[in-house]
Number of protein chains: 2
Amino acid sequence: MKLDHLGIAVPDLDAALEFWRDALGLELVDVEVVESEGVRTAFLPVGDASIELLEPIDETGVIARHIERRGPGLHHICMKVDGLQSHLNQLNAAGVQLVDHQPRPGAHGKSVAFIHPKSAGGVLLELAEPGEKA
Amino acid sequence: MKLDHLGIAVPDLDAALEFWRDALGLELVDVEVVESEGVRTAFLPVGDASIELLEPIDETGVIARHIERRGPGLHHICMKVDGLQSHLNQLNAAGVQLVDHQPRPGAHGKSVAFIHPKSAGGVLLELAEPGEKA
């Protein structure tokens, strides 16, 4: 299980890039709008993981609500796994509270599922499996 | 610039390990008490970065205060850099607000410095340079 990316909620993606890309010197490799989540995302690699900046594109999405409640900042972490459904079954059997009991389609053709922060010490944890199968 | 670790504030390290090590299956490689910061830390590798669980050992440390104010969860991220002082000088010149203008000793013999969350979109960002020099 490896870290895939680290999601950071930002009110303004262009302003955020002034820090992460321009001041810090990270490379911006991809900007993608994910309409279903109400976000515009930017990926900046940091070793074999990435930073994902998440800007709300409407007021009802999860990132807009997160910024309203908690302010901008760290939002979630995502681990890359093989056999996502089998991981979910094991976690469920271990009493871990899941947001998604089955994988659902995520960005970049991945299958993803979220674990509830109540079971992960306040951390919103995403598990993602790369694949053509999504 | 690569991700070194991701710090997670936990009220109880042993309870947190029941999730991150036992349920999720991550390997625990190191537990260290850092008296000066008032924390007990545990490192669990996730690819070429690590998750650092941070448990307060007294009520006055930064992690105790973070948990009191914000609850448990994601606390900071740390990037590995070469030439930390030169990075700090460049960031300062670019108008970035620094917590530390000079590197100070961190865990594992590293030199570390923090960037203020005001300049990093609400993220507490640590820069760390490995070295015998610390």
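None of these values were measured; they are calculated from a predicted model.

(A) Quick peek at the overall build of chain A. From N to C terminus, chain A includes three helices and eight strands. Taking 14 Å as the expected radius of gyration for a compact globule of 134 residues, we find that chain A reaches 15 Å, a close match to that expectation. Dimensions of chain A, computed from the C-alpha atoms along their principal axes, are close to 45 × 30 × 25 Å. Burial status across chain A gives 49% buried among its 134 residues. When the accessible area of chain A is evaluated, it comes to approximately 6200 Å², of which 47% is carbon and sulfur surface. Across chain A, the 11 positively charged side chains and the 21 negatively charged ones have centroids separated by 7 Å.

(B) Representation of the interface of chain B and chain A in the model. With 32 residues of chain B at the interface, the matching set in chain A holds 32 residues. With both sides pooled, the region where chain B packs onto chain A buries about 2700 Å², and carbon together with sulfur makes up 76% of that total. Three residues, F19, R70 and L74 of chain B, lead the burial of chain B against chain A; their summed loss comes to 20% of the area buried on that side. Our count for the contact surface shared by chain B and chain A stands at six residue pairs in polar contact (both at pLDDT 80 or more). At the level of elements, β1 (2–9), α1 (13–23) and β5 (73–80) of chain B are the ones that each hand at least two residues to the side of chain B that touches chain A.

(C) Up close: the domain arrangement of chain A. Residue and element names in this part refer to chain A. For chain A, the assigned domains are domain 1 (1–75) and domain 2 (81–134). Just the C-alpha atoms count here: the centres of domain 1 and domain 2 sit 20 Å apart. At the junction of the two partners, domain 1 supplies nine residues and domain 2 supplies nine residues. Overall, the association of domain 1 and domain 2 removes approximately 660 Å² of surface from exposure, summing both partners, and the carbon and sulfur fraction of that is 55%. Run the count over domain 1 and domain 2 and you get two salt bridges. Residue D4 pairs with K110 through a salt bridge whose shortest N-O separation is 3.1 Å. At the junction of domain 1 and domain 2, the tally comes to three residue pairs in polar contact (both at pLDDT 80 or more).

(D) View of the relation of the copies chain B and chain A. Superposition of chain B onto chain A requires a rotation of 180 degrees combined with a translation of 0.0 Å along the rotation axis, giving an RMSD of 0.0 Å. The transformation relating the two chain copies, once decomposed into turn and shift, fits a two-fold axis. A shared interface surface links the copies, since 100% of the contact residues of chain B are contact residues in chain A too.

(E) Structural detail: the nonpolar core. Among the nonpolar cores identified, the biggest contains 64 residues, and W20 of chain A together with W20 of chain B are the most heavily contacted of them. Sequence-distant contacts of W20 of chain A, that is, excluding residues within four places in its chain, are made with I8, G25, L26, L44, I51 and L53 of chain A together with I77, M79, A120, V123 and L125 of chain B.

(F) Spatial organisation of α1 of chain B. All names here are of chain B. Taken together, the buried positions of α1 are occupied by L13, A16, L17, F19 and W20. Down the axis of α1, the buried set is contained in an arc of 165 degrees. They therefore lie on one face. Where α1 begins, the side chain of D12 points an oxygen toward the backbone nitrogen of D14, at a separation of 3.0 Å. At the exit of α1 stands G25, carrying a positive phi of roughly 90 degrees.

(G) Region of interest: a negative patch on the surface. Residues and elements named next belong to chain A. Together, E35, D58, E59 and E68 make up a negatively charged patch on the protein surface. Counting through the fold element by element, E59 comes out in the loop between β4 (49–56) and α2 (62–70). By relative accessible area, which is 73% here, E59 ends up exposed.

(H) Local environment of the sheet that holds β5 of chain B. Residues and elements named next belong to chain B. Sheet architecture is open: eight strands sit in the order β2-β3-β4-β1-β5-β8-β7-β6, paired in mixed fashion. Two strands bound the open sheet, and with one partner strand each, they are β2 (30–34) and β6 (104–105). Here five bridges tie β2 to strand β3 (residues 39–46), and the two strands are oriented antiparallel to one another. Following the sheet pairing, V33 is matched in β3 by R40. On top of the sheet, helix α2 (residues 62–70) reaches β1, β3, β4 (49–56) and β5; it is set at about 85 degrees to β4, its chief contact.

Cut-off values and rules
- Residues numbered from 1 in each chain as written.
- Chains lettered and ligands numbered in written order.
- Predicted model: local features only at pLDDT ≥ 70, side-chain atom pairs only at ≥ 80, totals over all residues.
- Heavy atoms only, no water.
- Helix = DSSP H or I, 4+ residues; strand = E, 2+ residues; numbered from the N terminus.
- Rg over C-alpha atoms; globule rule 2.2 N^0.38 Å.
- Buried < 20%, exposed > 50% of the residue type's maximum accessible area, 1.4 Å probe, protein only.
- Areas by Shrake-Rupley, 256 points an atom, 1.4 Å probe, with all protein chains shown as cover.
- Lys, Arg positive; Asp, Glu negative; His and termini not counted.
- Charge placed at Lys NZ, Arg CZ, Asp CG, Glu CD.
- Contact = heavy atoms within 4.5 Å.
- Buried area = accessible area lost by both parts, 1.4 Å probe.
- Polar contact = N/O pair within 3.5 Å; in protein donor to acceptor, adjacent residues only side chain to side chain.
- Domains from an automatic or database assignment.
- Salt bridge = Lys/Arg side-chain N within 4 Å of Asp/Glu carboxyl O.
- Least-squares fit on C-alpha atoms with pLDDT ≥ 70 in both.
- Core = buried A, V, L, I, M, F, W, Y, C linked by side-chain atoms within 4.5 Å.
- Arc of directions from axis to C-beta.
- Patch = residues over 30% accessible without salt bridge, like charges linked within 9 Å, V, L, I, M, F, W, Y side chains within 5 Å.
- Pairing = 2+ DSSP bridges.
- Axes fitted to C-alpha atoms, helices over the stretch in contact; angles between N-to-C directions.

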